[in-house]
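Spelled out, the chains give:
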Amino acid sequence: MPTHRRHLFVLCLCVAALASCRAGQPRPYRIAGRFGPIVGNELVTGRAVSPHDGPVLLLTGGRALISIDIPARRATRHPIDAEPAGGETMWGLARLAGGSLWTLNGRHQLLELREDGSAGRAIPLRDPHVALYGEGNRLLYDRLDFEPPAAALTIGRPGEEPGTVWGTMRTRALPLARASVAALNLVSCGVGLAGERPCWFPDETAITLTTSGGVSRRLELAGLQRVAAEVLLTSDNPPRPIRDVYVEPGGTIWVLSSGTADPGRRDWPGGWLLAQYSAGGRLVRTGRLPDSGRLILRADAAGCVLLSGRGEVIEVRS
Amino acid sequence: MKKIVLVGCLSVMALVSAPRTSLAGCTTRLADCYVRSAKVDSFWYRWASGLDCELDYVECARVKLIGA
(Lines give C-alpha, C1' and ligand atoms only; values in the text may rest on other atoms or scores of the structure.)
Protein backbone atom coordinates (compact mmCIF):
# COMPACT_ATOMS: atom_id res chain seq x y z
CA MET A 1 0.00 0.00 0.00
CA PRO A 2 1.49 3.42 -0.93
CA THR A 3 2.42 5.62 2.04
CA HIS A 4 -0.20 8.33 1.44
CA ARG A 5 -2.99 5.70 1.26
CA ARG A 6 -1.80 4.13 4.48
CA HIS A 7 -1.84 7.54 6.16
CA LEU A 8 -5.33 8.17 4.84
CA PHE A 9 -6.46 4.80 6.18
CA VAL A 10 -5.00 5.54 9.64
CA LEU A 11 -6.63 8.98 9.59
CA CYS A 12 -10.03 7.46 8.77
CA LEU A 13 -9.62 4.98 11.64
CA CYS A 14 -8.82 7.84 14.03
CA VAL A 15 -11.84 9.84 12.90
CA ALA A 16 -14.10 6.80 13.32
CA ALA A 17 -12.68 6.12 16.79
CA LEU A 18 -13.21 9.75 17.82
CA ALA A 19 -16.76 9.72 16.50
CA SER A 20 -17.60 6.56 18.42
CA CYS A 21 -16.08 8.01 21.61
CA ARG A 22 -18.07 11.19 21.18
CA ALA A 23 -21.33 9.24 20.85
CA GLY A 24 -20.87 7.94 24.40
CA GLN A 25 -19.87 11.28 25.92
CA PRO A 26 -22.46 13.57 27.47
CA ARG A 27 -22.94 16.60 25.25
CA PRO A 28 -24.66 19.67 26.65
CA TYR A 29 -28.30 20.47 26.00
CA ARG A 30 -29.34 24.03 25.37
CA ILE A 31 -32.16 25.86 27.10
CA ALA A 32 -34.87 26.85 24.63
CA GLY A 33 -37.08 28.64 27.15
CA ARG A 34 -37.72 29.17 30.82
CA PHE A 35 -40.14 30.71 33.27
CA GLY A 36 -40.52 30.90 37.03
CA PRO A 37 -39.35 30.15 39.65
CA ILE A 38 -42.55 28.31 40.51
CA VAL A 39 -41.30 26.41 43.58
CA GLY A 40 -38.84 27.39 46.26
CA ASN A 41 -36.82 25.45 48.77
CA GLU A 42 -39.39 22.69 49.21
CA LEU A 43 -39.63 19.03 48.48
CA VAL A 44 -41.78 17.89 45.57
CA THR A 45 -43.57 14.74 46.67
CA GLY A 46 -45.93 14.11 43.76
CA ARG A 47 -46.57 14.85 40.11
CA ALA A 48 -49.54 14.20 37.87
CA VAL A 49 -49.48 14.88 34.16
CA SER A 50 -52.46 15.40 31.93
CA PRO A 51 -52.78 13.94 28.49
CA HIS A 52 -52.28 16.43 25.64
CA ASP A 53 -51.50 19.95 26.79
CA GLY A 54 -53.39 20.00 30.10
CA PRO A 55 -51.72 21.36 33.23
CA VAL A 56 -49.08 19.40 35.11
CA LEU A 57 -49.78 19.22 38.84
CA LEU A 58 -47.12 19.09 41.53
CA LEU A 59 -47.62 18.30 45.19
CA THR A 60 -45.09 19.85 47.54
CA GLY A 61 -44.01 18.94 51.03
CA GLY A 62 -45.11 22.43 51.98
CA ARG A 63 -48.63 21.14 51.38
CA ALA A 64 -49.47 22.99 48.21
CA LEU A 65 -50.75 21.96 44.83
CA ILE A 66 -49.07 23.74 41.96
CA SER A 67 -50.77 23.72 38.60
CA ILE A 68 -48.38 24.40 35.72
CA ASP A 69 -49.77 25.54 32.40
CA ILE A 70 -46.70 25.04 30.22
CA PRO A 71 -47.98 26.56 26.94
CA ALA A 72 -49.18 29.67 28.80
CA ARG A 73 -45.92 29.76 30.86
CA ARG A 74 -47.89 30.18 34.06
CA ALA A 75 -48.17 28.39 37.41
CA THR A 76 -50.84 28.67 40.09
CA ARG A 77 -50.32 27.64 43.69
CA HIS A 78 -53.12 26.35 45.94
CA PRO A 79 -52.49 25.61 49.63
CA ILE A 80 -53.92 22.25 50.65
CA ASP A 81 -56.79 22.55 53.04
CA ALA A 82 -56.15 19.42 55.12
CA GLU A 83 -54.06 18.50 58.10
CA PRO A 84 -51.34 15.90 57.53
CA ALA A 85 -52.24 12.67 59.34
CA GLY A 86 -49.99 12.18 62.36
CA GLY A 87 -47.73 15.01 61.28
CA GLU A 88 -46.49 12.93 58.34
CA THR A 89 -45.87 14.14 54.82
CA MET A 90 -48.44 13.92 52.06
CA TRP A 91 -46.81 11.83 49.40
CA GLY A 92 -47.70 10.88 45.84
CA LEU A 93 -50.18 12.43 43.48
CA ALA A 94 -52.44 10.31 41.32
CA ARG A 95 -54.81 11.69 38.72
CA LEU A 96 -57.28 9.04 37.61
CA ALA A 97 -58.88 8.78 34.19
CA GLY A 98 -62.10 10.25 35.59
CA GLY A 99 -60.21 13.36 36.72
CA SER A 100 -60.14 12.72 40.48
CA LEU A 101 -56.92 13.44 42.37
CA TRP A 102 -55.54 11.36 45.24
CA THR A 103 -52.60 11.45 47.63
CA LEU A 104 -51.31 9.52 50.61
CA ASN A 105 -51.88 11.48 53.78
CA GLY A 106 -49.33 9.84 56.03
CA ARG A 107 -48.83 6.13 55.55
CA HIS A 108 -52.32 4.90 56.35
CA GLN A 109 -54.74 7.27 54.68
CA LEU A 110 -55.80 7.88 51.11
CA LEU A 111 -56.99 11.45 50.63
CA GLU A 112 -58.91 12.90 47.71
CA LEU A 113 -57.82 16.38 46.65
CA ARG A 114 -59.39 18.93 44.39
CA GLU A 115 -57.36 21.15 42.11
CA ASP A 116 -58.10 24.16 44.29
CA GLY A 117 -56.39 22.40 47.22
CA SER A 118 -59.54 21.48 49.11
CA ALA A 119 -59.83 17.96 50.49
CA GLY A 120 -62.49 15.39 49.65
CA ARG A 121 -62.89 11.82 50.84
CA ALA A 122 -60.41 10.28 53.30
CA ILE A 123 -60.10 6.51 53.12
CA PRO A 124 -58.09 4.53 55.70
CA LEU A 125 -55.57 1.97 54.48
CA ARG A 126 -54.82 -1.17 56.47
CA ASP A 127 -51.11 -1.44 55.54
CA PRO A 128 -48.52 1.35 55.48
CA HIS A 129 -47.83 2.76 52.02
CA VAL A 130 -45.04 5.06 50.85
CA ALA A 131 -45.91 6.15 47.33
CA LEU A 132 -48.95 6.49 45.09
CA TYR A 133 -49.48 6.86 41.35
CA GLY A 134 -52.47 6.91 39.01
CA GLU A 135 -52.92 4.15 36.44
CA GLY A 136 -56.03 4.62 34.29
CA ASN A 137 -58.94 4.55 36.69
CA ARG A 138 -56.99 2.72 39.42
CA LEU A 139 -54.45 3.71 42.03
CA LEU A 140 -50.98 2.21 42.01
CA TYR A 141 -49.54 1.68 45.50
CA ASP A 142 -46.01 1.15 46.79
CA ARG A 143 -46.53 -0.71 50.07
CA LEU A 144 -43.88 -0.41 52.75
CA ASP A 145 -42.38 -3.86 52.81
CA PHE A 146 -40.21 -5.25 55.59
CA GLU A 147 -40.40 -8.84 54.38
CA PRO A 148 -38.96 -9.21 50.89
CA PRO A 149 -39.24 -10.77 48.41
CA ALA A 150 -42.79 -9.75 47.64
CA ALA A 151 -44.74 -7.96 44.94
CA ALA A 152 -43.44 -4.38 44.79
CA LEU A 153 -46.60 -2.71 43.49
CA THR A 154 -50.28 -3.31 43.96
CA ILE A 155 -53.27 -1.71 42.33
CA GLY A 156 -56.88 -0.99 43.17
CA ARG A 157 -59.71 1.48 42.85
CA PRO A 158 -60.19 4.10 45.59
CA GLY A 159 -62.04 2.43 48.46
CA GLU A 160 -60.86 -1.07 47.54
CA GLU A 161 -58.05 -2.71 49.49
CA PRO A 162 -55.02 -2.43 47.20
CA GLY A 163 -54.40 -6.14 47.09
CA THR A 164 -54.05 -6.86 43.38
CA VAL A 165 -50.46 -7.35 42.31
CA TRP A 166 -49.41 -5.17 39.38
CA GLY A 167 -46.52 -6.15 37.15
CA THR A 168 -43.60 -8.41 37.94
CA MET A 169 -41.45 -6.10 40.06
CA ARG A 170 -40.55 -7.79 43.33
CA THR A 171 -38.84 -6.37 46.37
CA ARG A 172 -35.35 -7.74 46.93
CA ALA A 173 -33.87 -9.53 49.94
CA LEU A 174 -30.54 -7.72 50.35
CA PRO A 175 -27.73 -8.48 52.81
CA LEU A 176 -28.34 -5.33 54.84
CA ALA A 177 -30.24 -4.29 57.94
CA ARG A 178 -34.02 -4.60 57.75
CA ALA A 179 -34.71 -0.86 57.60
CA SER A 180 -32.05 -0.34 54.92
CA VAL A 181 -33.55 -3.12 52.80
CA ALA A 182 -36.98 -1.50 53.10
CA ALA A 183 -35.50 1.83 51.99
CA LEU A 184 -33.74 0.31 49.00
CA ASN A 185 -36.96 -1.41 48.00
CA LEU A 186 -38.81 1.88 47.66
CA VAL A 187 -40.16 2.06 44.13
CA SER A 188 -40.42 5.21 42.03
CA CYS A 189 -42.61 5.36 38.97
CA GLY A 190 -42.35 7.87 36.16
CA VAL A 191 -44.67 8.91 33.39
CA GLY A 192 -45.64 6.48 30.65
CA LEU A 193 -47.62 7.86 27.73
CA ALA A 194 -46.85 5.07 25.27
CA GLY A 195 -48.83 2.32 26.96
CA GLU A 196 -46.28 1.30 29.59
CA ARG A 197 -45.39 2.88 32.91
CA PRO A 198 -41.72 2.92 33.96
CA CYS A 199 -40.82 2.05 37.57
CA TRP A 200 -37.45 1.45 39.23
CA PHE A 201 -35.56 0.79 42.45
CA PRO A 202 -33.29 3.59 43.74
CA ASP A 203 -29.99 1.71 43.41
CA GLU A 204 -30.51 0.18 39.97
CA THR A 205 -29.75 1.32 36.43
CA ALA A 206 -32.75 -0.54 35.04
CA ILE A 207 -36.42 0.23 34.67
CA THR A 208 -39.41 -2.05 34.52
CA LEU A 209 -42.05 -1.03 32.01
CA THR A 210 -45.52 -2.35 32.75
CA THR A 211 -48.72 -2.13 30.73
CA SER A 212 -52.04 -1.27 32.38
CA GLY A 213 -52.82 -4.98 32.14
CA GLY A 214 -49.78 -5.78 34.29
CA VAL A 215 -47.41 -7.17 31.63
CA SER A 216 -43.84 -6.13 32.45
CA ARG A 217 -40.51 -5.99 30.70
CA ARG A 218 -37.21 -4.96 32.22
CA LEU A 219 -34.74 -2.70 30.45
CA GLU A 220 -31.12 -2.30 31.51
CA LEU A 221 -30.09 1.26 30.69
CA ALA A 222 -26.59 1.89 29.42
CA GLY A 223 -24.76 5.13 30.17
CA LEU A 224 -25.94 5.48 33.78
CA GLN A 225 -23.68 5.20 36.77
CA ARG A 226 -24.69 2.64 39.38
CA VAL A 227 -24.47 3.87 42.99
CA ALA A 228 -23.50 1.63 45.89
CA ALA A 229 -26.24 1.01 48.44
CA GLU A 230 -24.05 2.35 51.25
CA VAL A 231 -23.56 5.62 49.39
CA LEU A 232 -27.29 5.96 48.73
CA LEU A 233 -28.17 5.33 52.33
CA THR A 234 -25.56 7.46 54.04
CA SER A 235 -25.12 10.51 51.80
CA ASP A 236 -26.81 13.82 52.49
CA ASN A 237 -27.62 14.28 48.82
CA PRO A 238 -26.95 10.89 47.24
CA PRO A 239 -26.32 10.57 43.53
CA ARG A 240 -29.15 8.55 42.02
CA PRO A 241 -28.73 6.52 38.83
CA ILE A 242 -32.34 7.25 37.90
CA ARG A 243 -34.13 10.29 39.26
CA ASP A 244 -37.01 10.40 36.82
CA VAL A 245 -38.28 8.68 33.69
CA TYR A 246 -40.73 9.97 31.10
CA VAL A 247 -41.88 7.88 28.16
CA GLU A 248 -43.36 10.25 25.58
CA PRO A 249 -46.24 9.16 23.34
CA GLY A 250 -43.88 8.21 20.49
CA GLY A 251 -42.05 5.74 22.77
CA THR A 252 -38.83 7.71 23.38
CA ILE A 253 -37.66 7.11 26.95
CA TRP A 254 -36.15 10.13 28.72
CA VAL A 255 -34.14 9.46 31.87
CA LEU A 256 -32.96 12.07 34.33
CA SER A 257 -29.90 10.93 36.26
CA SER A 258 -27.75 12.62 38.89
CA GLY A 259 -24.62 12.61 36.72
CA THR A 260 -21.84 14.87 37.97
CA ALA A 261 -22.69 18.26 39.42
CA ASP A 262 -20.72 21.40 38.70
CA PRO A 263 -18.27 22.33 41.46
CA GLY A 264 -20.05 24.64 43.85
CA ARG A 265 -23.46 23.29 42.88
CA ARG A 266 -23.12 19.80 44.38
CA ASP A 267 -25.72 20.52 47.06
CA TRP A 268 -28.35 21.47 44.52
CA PRO A 269 -31.23 19.09 44.21
CA GLY A 270 -31.74 17.31 40.94
CA GLY A 271 -29.72 15.62 38.27
CA TRP A 272 -27.32 16.89 35.63
CA LEU A 273 -27.53 14.11 33.08
CA LEU A 274 -30.39 13.64 30.65
CA ALA A 275 -30.35 10.45 28.62
CA GLN A 276 -32.54 9.47 25.71
CA TYR A 277 -33.34 5.84 24.83
CA SER A 278 -35.35 4.18 22.11
CA ALA A 279 -38.49 2.27 23.06
CA GLY A 280 -36.37 -0.88 23.01
CA GLY A 281 -33.87 0.58 25.47
CA ARG A 282 -31.04 1.50 23.07
CA LEU A 283 -29.07 4.53 24.22
CA VAL A 284 -29.62 7.30 21.69
CA ARG A 285 -27.96 10.16 23.43
CA THR A 286 -26.74 11.40 26.80
CA GLY A 287 -26.41 15.08 27.43
CA ARG A 288 -25.41 17.39 30.22
CA LEU A 289 -28.01 19.82 31.49
CA PRO A 290 -27.12 23.51 31.80
CA ASP A 291 -29.10 23.62 35.05
CA SER A 292 -29.95 20.69 37.31
CA GLY A 293 -33.32 19.04 36.70
CA ARG A 294 -35.61 17.79 39.46
CA LEU A 295 -38.47 16.35 37.42
CA ILE A 296 -39.48 15.90 33.82
CA LEU A 297 -42.76 17.71 33.30
CA ARG A 298 -43.29 17.06 29.59
CA ALA A 299 -41.36 15.52 26.72
CA ASP A 300 -41.51 14.80 23.03
CA ALA A 301 -39.02 13.11 20.74
CA ALA A 302 -36.85 16.22 20.49
CA GLY A 303 -36.62 17.51 24.04
CA CYS A 304 -38.02 17.92 27.53
CA VAL A 305 -39.59 20.46 29.82
CA LEU A 306 -38.06 20.13 33.28
CA LEU A 307 -38.49 21.52 36.75
CA SER A 308 -35.02 22.85 37.46
CA GLY A 309 -33.03 22.80 40.68
CA ARG A 310 -33.73 26.51 41.03
CA GLY A 311 -37.45 25.87 40.81
CA GLU A 312 -37.84 27.19 37.29
CA VAL A 313 -39.53 25.49 34.39
CA ILE A 314 -36.95 25.03 31.64
CA GLU A 315 -37.26 23.64 28.17
CA VAL A 316 -34.17 21.80 26.92
CA ARG A 317 -33.42 20.76 23.37
CA SER A 318 -30.62 18.90 21.66
CA MET B 1 -42.77 48.21 35.94
CA LYS B 2 -44.37 46.47 38.96
CA LYS B 3 -44.30 43.21 37.05
CA ILE B 4 -40.57 43.56 36.37
CA VAL B 5 -39.89 44.32 40.04
CA LEU B 6 -41.97 41.30 41.12
CA VAL B 7 -40.18 38.94 38.74
CA GLY B 8 -36.82 40.37 39.88
CA CYS B 9 -37.71 39.82 43.55
CA LEU B 10 -38.82 36.24 42.87
CA SER B 11 -35.59 35.52 41.00
CA VAL B 12 -33.47 36.92 43.84
CA MET B 13 -35.50 34.91 46.37
CA ALA B 14 -34.99 31.77 44.32
CA LEU B 15 -31.24 32.35 44.17
CA VAL B 16 -30.95 33.13 47.86
CA SER B 17 -33.02 30.12 48.87
CA ALA B 18 -31.33 27.80 46.38
CA PRO B 19 -32.77 24.45 47.39
CA ARG B 20 -30.47 22.13 49.22
CA THR B 21 -31.01 18.98 51.16
CA SER B 22 -31.79 19.44 54.80
CA LEU B 23 -32.66 15.90 55.74
CA ALA B 24 -29.27 14.38 56.32
CA GLY B 25 -28.62 11.95 59.10
CA CYS B 26 -31.39 9.38 58.67
CA THR B 27 -29.04 6.63 59.83
CA THR B 28 -27.93 8.62 62.87
CA ARG B 29 -31.53 9.27 63.76
CA LEU B 30 -32.29 5.57 63.43
CA ALA B 31 -29.42 4.70 65.76
CA ASP B 32 -30.59 7.29 68.32
CA CYS B 33 -34.13 5.97 68.04
CA TYR B 34 -32.96 2.37 68.63
CA VAL B 35 -31.10 3.51 71.75
CA ARG B 36 -34.27 5.15 73.08
CA SER B 37 -36.31 2.05 72.23
CA ALA B 38 -33.87 -0.23 74.02
CA LYS B 39 -34.63 1.64 77.24
CA VAL B 40 -38.33 0.77 77.13
CA ASP B 41 -39.11 -1.75 79.87
CA SER B 42 -41.94 -3.76 78.34
CA PHE B 43 -40.83 -6.30 75.73
CA TRP B 44 -43.77 -5.66 73.42
CA TYR B 45 -43.56 -1.86 73.70
CA ARG B 46 -39.83 -2.08 73.08
CA TRP B 47 -40.47 -4.16 69.94
CA ALA B 48 -43.15 -1.74 68.74
CA SER B 49 -40.92 1.22 69.43
CA GLY B 50 -38.13 -0.36 67.36
CA LEU B 51 -40.58 -0.88 64.53
CA ASP B 52 -41.58 2.78 64.69
CA CYS B 53 -37.89 3.69 64.43
CA GLU B 54 -37.65 1.72 61.21
CA LEU B 55 -40.81 3.28 59.79
CA ASP B 56 -39.43 6.73 60.54
CA TYR B 57 -36.13 5.77 58.95
CA VAL B 58 -37.81 4.72 55.72
CA GLU B 59 -39.81 7.94 55.73
CA CYS B 60 -36.57 9.90 56.14
CA ALA B 61 -34.77 7.89 53.44
CA ARG B 62 -37.74 8.32 51.09
CA VAL B 63 -36.99 12.02 50.79
CA LYS B 64 -33.46 11.30 49.61
CA LEU B 65 -34.18 8.25 47.49
CA ILE B 66 -37.41 9.05 45.69
CA GLY B 67 -38.17 12.71 46.48
CA ALA B 68 -37.66 15.47 43.93
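What you see is a predicted model; the values in this text were computed from it and never measured. (Residues numbered from 1 in each chain as written. Chains lettered and ligands numbered in written order. Predicted model: local features only at pLDDT ≥ 70, side-chain atom pairs only at ≥ 80, totals over all residues.)

## Let's talk about the overall build of chain A
Consideration 1: Tallying secondary structure elements over chain A gives three helices and 25 strands in all.
Consideration 2: Along the first, second and third principal axes, the C-alpha atoms of chain A reach 85 × 45 × 40 Å.
Consideration 3: Expressed as a percentage of the 318 residues in chain A, the buried residues total 46%.
Consideration 4: For chain A, the share of sequence-separated contacts (at least 6 apart) that also reach a separation of at least 24 residues comes to 44%. (Helix = DSSP H or I, 4+ residues; strand = E, 2+ residues; numbered from the N terminus. Buried ≥ 20, exposed ≤ 12 C-beta atoms within 10 Å, placed from the backbone. Contact = placed C-beta atoms within 7 Å.)

## Things to note about the pairing of strand β21 (residues 253-257) of chain A
Residue and element names in this part refer to chain A.
Consideration 1: The buried fraction of β21 is high, at five of five residues.
Consideration 2: Neither face of β21 is open: one carries Ile253, Val255 and Ser257, the other Trp254 and Leu256, and all of them are buried.
Consideration 3: In this sheet, β21 lies alongside strand β20 (residues 244-247) in antiparallel orientation, the contact comprising four bridges. Bridged to Asp244 within β21 is Leu256.
Consideration 4: Once β20 ends, the chain turns through five residues before running back antiparallel as β21, passing Gly251 with a positive phi of about 105°.
Consideration 5: Across five bridges, the pairing between β21 and strand β22 (residues 271-277) is antiparallel. Looking at β22, one finds that Val255 is bridged to Ala275. (Pairing = 2+ DSSP bridges.)

## Brief notes about the pairing of strand β10 (residues 119-124) of chain A
Residues and elements named next belong to chain A.
Consideration 1: Of all the six residues making up β10, zero are buried; the element is thus mostly uncovered.
Consideration 2: Alignment of strand β9 (residues 109-113) against β10, held across four bridges, turns out to be antiparallel. Residue pairing across strands places Leu111 opposite Ala122, the latter belonging to β10.
Consideration 3: Between β9 and the antiparallel strand that follows it, β10, lie five residues; Gly117 among them carries a positive phi value of about 95°.

## Some thoughts on unusual backbone geometry
Residues and elements named next belong to chain A.
Consideration 1: In this structure, Pro37 follows Gly36 across a cis peptide bond, with omega equal to 10°.
Consideration 2: The residue Pro37 is located in the loop between β2 (30-35) and β3 (44-48) in this model.
Consideration 3: A cis amide bond, omega 0°, links Pro148 with the succeeding residue Pro149.
Consideration 4: Backbone geometry places Arg73, a non-glycine residue, at a positive phi of 55°.
Consideration 5: Considering the arrangement of structural elements, one finds Arg73 in the loop between β5 (64-69) and β6 (74-79).

## Regarding the interface of chain B and chain A
Consideration 1: Opposite the 23 residues of chain B that make contact, chain A presents 32 residues.
Consideration 2: Elements with a minimum of two residues in the side of chain B that touches chain A: α1 (2-16), α2 (26-38) and α3 (43-66) of chain B.
Consideration 3: In terms of residues, the side of chain B that touches chain A owes the most to one element, α3 of chain B, which gives eleven residues.
Consideration 4: Residue composition of the side of chain B that touches chain A, by class: 14 nonpolar, four polar and five charged. (Nonpolar A, V, L, I, M, F, W, Y, C, P; charged D, E, K, R; others polar.)

## A word on the nonpolar core
Consideration 1: In this structure, Ala183 and Val255 of chain A are the most contacted members of the largest nonpolar core, which totals 92 residues.
Consideration 2: For Ala183 of chain A, the contacting residues outside a window of four places in its chain are Leu233 of chain A together with Tyr57, Val58, Ala61 and Leu65 of chain B. (Core = buried A, V, L, I, M, F, W, Y, C linked by C-beta atoms within 7 Å.)

## Topic: the confidence of the model for chain B
Consideration 1: Summing up the model confidence of chain B, the mean pLDDT is 75 and the portion of residues at 70 or higher is 65%.
Consideration 2: Note on residues 5-24 of chain B: pLDDT is under 50 here. Beyond four places in sequence and across chains, it has 25 contacts. (pLDDT = per-residue confidence, 0-100.)

## Section: the sheet that holds strand β19 (residues 216-220) of chain A
Residues and elements named next belong to chain A.
Consideration 1: On the basis of which strands lie adjacent, the open sheet formed by four strands has the order β15-β17-β18-β19 and antiparallel pairing. Among the strands making up the open sheet, the edge pair consists of β15 (188-189) and β19.
Consideration 2: Strand direction decides the pairing type here: strand β18 (residues 206-211) and β19, joined by five bridges, are antiparallel. Across the sheet, the residue bridging to Ala206 is Glu220, located in β19.

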